[in-house]
Amino acid sequence: MKEYPVIKVALLGLGTVGTGTYKVLQKQKEFMAEKIGAMVEVKYILVRNLEKAKAKVADPGVLTNDWNTIVQDPEIAIVIELMGGMEPARTCILEALRAGKHVVTANKDLVASDGEELLGAAGEHQCDLLYEAAVAGGIPIIRPLKQCLAGNNITEVMGIVNGTTNFILSRMSEDGMEFEDALKLASELGYAEADPTADIEGLDAGRKVAILASVAFNSRVTFADVYTEGITKITATDIRYAKELGCAIKLLGVARNTESGIEARVHPMLIDSKHPLASVSDCYNAVFVVGDAVQDTMFYGQGAGELPTASAVVGDVFDIVRNISSGCCGRIGCTCFKQLPIKTMEQIESKYFIRMQVEDRFGVLASVASVFGNNSVSIAQMLQRKVKGKDTAEIVLITDQVEERHFADSLKVFDGMSIIKEVSSVIRVY
Ligand code: NAP
Ligand code: HSE
């Protein structure tokens with residue numbers, strides 16, 4: 001029987017992803033050695049509450065609440081950080097790297113803000129720092145961008161990278177639910193967090209876009225650089241009109257590498273129903289990548305959850321084990337070698353969907369059109385409905401591509417016009 005080396009690892013955190021990672025590593029034991037040329041042994045699991053964690057592991061002897069024991073143990077080759085949040089995760093990762101240990105993390109918050117420092121420390125100590133699970137859970141996207149697609153100039157990465165909001169928008173679209181009811185259902189089914197703010201306000205997706213843009217365009221983009229807008233103002237009425245116009249409404253993360261700089265933003269968007277992202281529904285995620293050689297590609301799957309996320313974590317661990325065996329750790333470190341400018345929203349061009357309530361009488365439509373005309377906004381499509389029992393008409397317009405600042409100027413004029421009773425919705429169009 002062939003003897004295989006044993007690589008000892010420490011898990012930090014035994015929550016959803018930590019437990020999933022432990023399970024996947026146990027399940028992989030049978031063929032692990034043949035697959036990656038070594039056995040991975042979990043020597044420690046760092047938890048806060050030892051009693052609570054006992055039921056989750058086969059050998060409670062691995063549980064500890066002492067980080068120093070882990071970082072000072074020369075046998076630990078890989079630290080798997082799955083605690084989440086900024087601290088103590090950041091300190092633990094830096095201390096592990098400085099001690100020559102490789103690190104796997106799923107921590108999007110940390111990578112999106114402090115990625116440069118963490119990858120710098122990994123490079124300095126010739127260690128691997130891998131974070132495949134930080135973006136779109138189980139979907140392989142960081143490794144494809146850094147490796148398989150390295151022969152491309154990537155021009156665009158766009159995706160549905162938040163499962164909770166995609167579930168909510170799917171229920172609104174398919175079942176006609178309003179936002180609040182769909183959010184309630186997402187909470188009841190355990191999809192939405194107790195505090196859903198980071199999901200519904202687009203912050204979780206914004207962190208993923210920062211990481212995707214940095215990797216895709218070889219230039220650092222942090223979470224602070226990403227414009228974020230959530231889905232709380234989207235209504236079932238907007239979705240009905242979008243359908244009438246041949247579109248779906250999705251919360252999209254968009255990163256573009258243009259001649260004048262990088263665009264990095266998250267906001268709801270109307271997207272043509274024929275676009276592959278339009279049919280990504282429920283909790284599923286997908287990332288659409290455009291490269292100058294490969295053209296259009298799409299990566300689709302489960303963007304969150306215990307086992308899908310653990311799949312990405314364990315893939316990273318196995319990759320490092322192979323690197324250790326081949327003596328080539330730190331082979332692919334930080335890939336941000338450019339310093340591209342990042343565009344502000346005022347500099348970005350978009351098409352717009354606008355829904356408004358106006359007085360139902362002659363000349364109103366002409367006035368609306370002239371405000372747009374005076375601000376260099378061209379109208380591409382229009383729908384109009386009489387609002388029952390009221391002297392009001394509902395107008396829905398889609399503009400051509402326009403600079404954000406020109407569209408914003410039109411909105412300011414509408415604000416002071418008595419014939420316009422309300423601007424009910426403004427949504428960008430892909
Ligand atoms: P979670 O269920 O809240 O688990 C985090 C665990 O870490 C908890 O058990 C917590 O202990 C423990 N922990 C926190 N601080 C600790 C400390 N100082 N010492 C020891 N243990 C500590 O979170 P999760 O959903 O597994 O997420 C983990 C990471 O994966 C996050 O960075 C998250 O963004 C990322 N991620 C999650 C998903 C997903 O589907 N859940 C998908 C992609 C990425 P207590 O139980 O005592 O609080
Ligand atoms: N809360 C995220 C989502 C999962 O709903 O997709 C963790 O990234």
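Here, every reference points to the structure presented above.
Computed from a predicted structure; not experimentally measured.

Draft legend 1. Summary view of the pairing of strand 9 (residues 247–258). Judged by how many residues are buried, strand 9 sits mostly within the fold: nine of 12 residues are covered. As paired elements, strand 7 (residues 154–160) and strand 9 share four bridges and run antiparallel to each other. By the bridge assignment for strand 9, Glu156 is matched with Arg256. Here 12 bridges tie strand 9 to strand 10 (residues 261–272), and the two strands are oriented antiparallel to one another.

Draft legend 2. Representation of the packing of helix 1 (residues 16–36) against helix 12 (residues 306–326) in the model. Direction vectors running N to C along helix 1 and helix 12 enclose 45°, while the axes themselves pass 8 Å from each other. By the angle between their axes, helix 1 is oblique relative to helix 12. Considering how the two elements wind past one another, helix 1 and helix 12 form a crossing that is right-handed. Across the interface between the two elements, Thr16, Val17, Thr19, Gly20, Thr21, Lys23, Val24, Leu25, Gln28, Met32, Lys35 and Ile36 from helix 1 touch Glu306, Leu307, Thr309, Ala310, Val313, Val314, Phe318, Val321, Arg322 and Ser325 from helix 12. Looking at the contact of helix 1 with helix 12, its residues break down into 11 nonpolar, seven polar and four charged.

Draft legend 3. Spatial organisation of the site of ligand 2. Around ligand 2, a shell composed of Lys108, Asn162, Gly163, Thr164, Asp199, Asp204, Lys208 and Ala304 is seen. Lys108 has a polar side-chain atom sitting 3.0 Å from an oxygen atom of ligand 2. Between ligand 2 and Asp199, the relevant distance is 2.9 Å, taken from a nitrogen atom to a side-chain nitrogen or oxygen of the residue. Contact with the protein chains hides 83% of the accessible area of ligand 2, taken as 260 Å² for the molecule alone. When residues of the shell around ligand 2 are traced back to their parent elements, those giving at least two are helix 7 (163–175) and helix 10 (203–217).

Draft legend 4. Molecular detail of the pattern of salt bridges. The final tally for this structure, using the stated rule, is 32 salt bridges. Taking the shortest distance from any N to any O, the salt bridge between Arg428 and Glu229 comes out at 3.1 Å. Separated by 199 residues along the polypeptide, Arg428 in strand 17 (residues 420–429) and Glu229 in the loop between strand 8 (227–228) and helix 11 (236–244) bring together distant segments of the chain. Exposure remark for Arg428: the relative accessible area of 8% places this residue in the buried category.

Each value, and the rule that gives it
- Residues numbered from 1 in each chain as written.
- Chains lettered and ligands numbered in written order.
- Predicted model: local features only at pLDDT ≥ 70, side-chain atom pairs only at ≥ 80, totals over all residues.
- Heavy atoms only, no water.
- Buried < 20%, exposed > 50% of the residue type's maximum accessible area, 1.4 Å probe, protein only.
- Helix = DSSP H or I, 4+ residues; strand = E, 2+ residues; numbered from the N terminus.
- Pairing = 2+ DSSP bridges.
- Axes fitted to C-alpha atoms, helices over the stretch in contact; angles between N-to-C directions.
- Parallel < 35°, antiparallel > 145°, perpendicular 65-115°, else oblique.
- Left-handed = near helix turned anticlockwise from the far one by under 90°.
- Contact = heavy atoms within 4.5 Å.
- Nonpolar A, V, L, I, M, F, W, Y, C, P; charged D, E, K, R; others polar.
- Near = heavy atom within 4 Å.
- Polar contact = N/O pair within 3.5 Å; in protein donor to acceptor, adjacent residues only side chain to side chain.
- Areas by Shrake-Rupley, 256 points an atom, 1.4 Å probe, with all protein chains shown as cover.
- Salt bridge = Lys/Arg side-chain N within 4 Å of Asp/Glu carboxyl O.

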